[in-house]
Amino acid sequence: MQVRIAQLCKNCQHWTAAETGYEAQIGYGECGSPAVARGYGRPAPLPLDGALIENDEGWGFFTGPDFGCVHFVARAEKSRENGPTPPSGAEV
């Protein structure tokens, strides 16, 4: 039987759960995907499937654990709720 990991932030290597502040209280985390640019005046080109978060406060791109996106990359470690990453091609 193959196991497929749900392509959600909580299962993605780009996502880190917040440890302090309001984001931590509500269970959110920050996306560190290279496809997400932050700040003003970012030079082009940005990927067509990317995101630009314009702010001057130094904030990140915070999402809930069940948010998902096209830049999902399964975690290699056992730090998420669903346990260790199954072999490639596995289904849930």
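Everything here concerns the structure above.
Residues numbered from 1 in each chain as written. Predicted model: local features only at pLDDT ≥ 70, side-chain atom pairs only at ≥ 80, totals over all residues. Heavy atoms only, no water.

S.K.: A description of the packing of aromatic side chains should follow, citing residues and the corresponding values.
M.R.: Throughout the structure, instances matching the rule amount to 1 aromatic pair. With a centroid separation of 6.5 Å and an interplanar angle of 90°, the aromatic rings of F61 and F67 are classed as edge-to-face. For F61, a relative accessible area of 21% translates into the label partly exposed. (Phe/Tyr/Trp six-rings, centres within 6.5 Å; stacked < 30°, edge-to-face > 60°. Buried < 20%, exposed > 50% of the residue type's maximum accessible area, 1.4 Å probe, protein only.)

S.K.: If you had to explain empty space enclosed by the protein to someone new, which residues and values would you point to?
M.R.: Applying the stated criterion across every chain, the model contains 1 cavity of 30 Å³ or more. In this structure, the largest cavity occupies an estimated 90 Å³ of space. Lining of the largest cavity is provided by 14 residues; of these, C9, C12, C31, F67 and C69 occupy positions nearest its centre. Tallied by class, the residues present in the lining of the largest cavity amount to 9 nonpolar, 5 polar and no charged. (1 Å grid on protein atoms, 1.4 Å probe; cavity = no way out; pocket = protein on both sides within 12 Å on 5 of 7 lines; lining within 4 Å. Points joined across faces, edges and corners; volume = space filled by probe spheres on them. Nonpolar A, V, L, I, M, F, W, Y, C, P; charged D, E, K, R; others polar.)

S.K.: Before we move on, could you go through a nonpolar patch on the surface and cite the residues and values that matter?
M.R.: The grouping of Y22, I26 and Y28 at the surface amounts to a nonpolar patch, some 310 Å² of accessible area in total. Locating Y28 in the fold gives a position in the loop between α1 (21-25) and β2 (29-31). (Patch = residues over 30% accessible without salt bridge, like charges linked within 9 Å, V, L, I, M, F, W, Y side chains within 5 Å. Areas by Shrake-Rupley, 256 points an atom, 1.4 Å probe, with all protein chains shown as cover. Salt bridge = Lys/Arg side-chain N within 4 Å of Asp/Glu carboxyl O. Helix = DSSP H or I, 4+ residues; strand = E, 2+ residues; numbered from the N terminus.)

S.K.: Any chance you could break down the environment of W59 for me, citing the residues and the numbers?
M.R.: When you line up the elements, W59 lands in the loop between β4 (51-53) and β5 (62-63). The class of W59 is exposed, set by a relative accessible area of 57%. The spatial distance from the C-alpha of W59 to the C-alpha of R38 is 8.2 Å, given a sequence separation of 21 residues.

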